Amino acid sequence: MSDKKYTPIAVDLEKDKRYAWCTCSHSTNQPFCDGSHRAHKATPSLGFQVDEDKRAHLCTCKLTSNPPYCDGTHKN
């Protein structure tokens, strides 16, 4: 897989806000879900929240062992 295509996306996350991370790669709003998985009968989004405001790198290759956060798997 191309490293550039799957480079994680840095996002600012807000405390207690609910997020839906795309698990299927069909969303046009990467790394977040836009509901495209329904039309493709793909895996649903992963909902998550954070306990404090923070900047994080969210996975786009969808192979991370620490979803939704990038663990560097795209480099392998």
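Below is a summary of the structure that appears in this document. (Residues numbered from 1 in each chain as written. Predicted model: local features only at pLDDT ≥ 70, side-chain atom pairs only at ≥ 80, totals over all residues. Heavy atoms only, no water.)

The number of helices and strands found in the protein chain is one helix and four strands. In terms of C-alpha radius of gyration, the protein chain reaches 12 Å, essentially the compact-globule figure of 11 Å for 76 residues. Each of the three principal axes of the protein chain carries a C-alpha extent, and together these read 30 × 30 × 20 Å. Expressed as a percentage of the 76 residues in the protein chain, the buried residues total 36%. The long-range share in the protein chain, meaning contacts at least 24 apart out of those at least 6 apart in sequence, stands at 54%. By element, 46% of the accessible surface of the protein chain is carried by carbon and sulfur atoms, the whole surface being about 5,000 Å². Of note, the protein chain has its 11 positive side-chain charges centred 8 Å away from the centre of its 9 negative side-chain charges. (Helix = DSSP H or I, 4+ residues; strand = E, 2+ residues; numbered from the N terminus. Rg over C-alpha atoms; globule rule 2.2 N^0.38 Å. Buried < 20%, exposed > 50% of the residue type's maximum accessible area, 1.4 Å probe, protein only. Contact = heavy atoms within 4.5 Å. Areas by Shrake-Rupley, 256 points an atom, 1.4 Å probe, with all protein chains shown as cover. Lys, Arg positive; Asp, Glu negative; His and termini not counted. Charge placed at Lys NZ, Arg CZ, Asp CG, Glu CD.)

Moving on to the nonpolar core. The biggest cluster of nonpolar side chains holds 13 residues, and the ones touching the most others in it are Leu13, Phe32, Phe48, Leu58 and Tyr69. At the level of elements, strand S1 (9-13), strand S2 (19-21) and strand S4 (54-58) are the ones that each hand at least two residues to this core. (Core = buried A, V, L, I, M, F, W, Y, C linked by side-chain atoms within 4.5 Å.)

Moving on to the environment of Lys75. Tracing the backbone shows Lys75 in the segment after S4. For Lys75 and Asp34, which are 41 residues apart along the polypeptide, the C-alpha to C-alpha distance reads 26 Å.

Attention now moves to the environment of Val11. Counting through the fold element by element, Val11 comes out in strand S1. Classification of Val11 by relative accessible area gives buried; the value is 11%. When the C-alpha atoms of Val11 and Thr60 are compared, they prove to be 12 Å apart, with 49 residues separating the residues in sequence. Other than its neighbours up to four places away in sequence, Val11 contacts Pro31, Phe32, Lys54, Arg55, Ala56 and Leu58.

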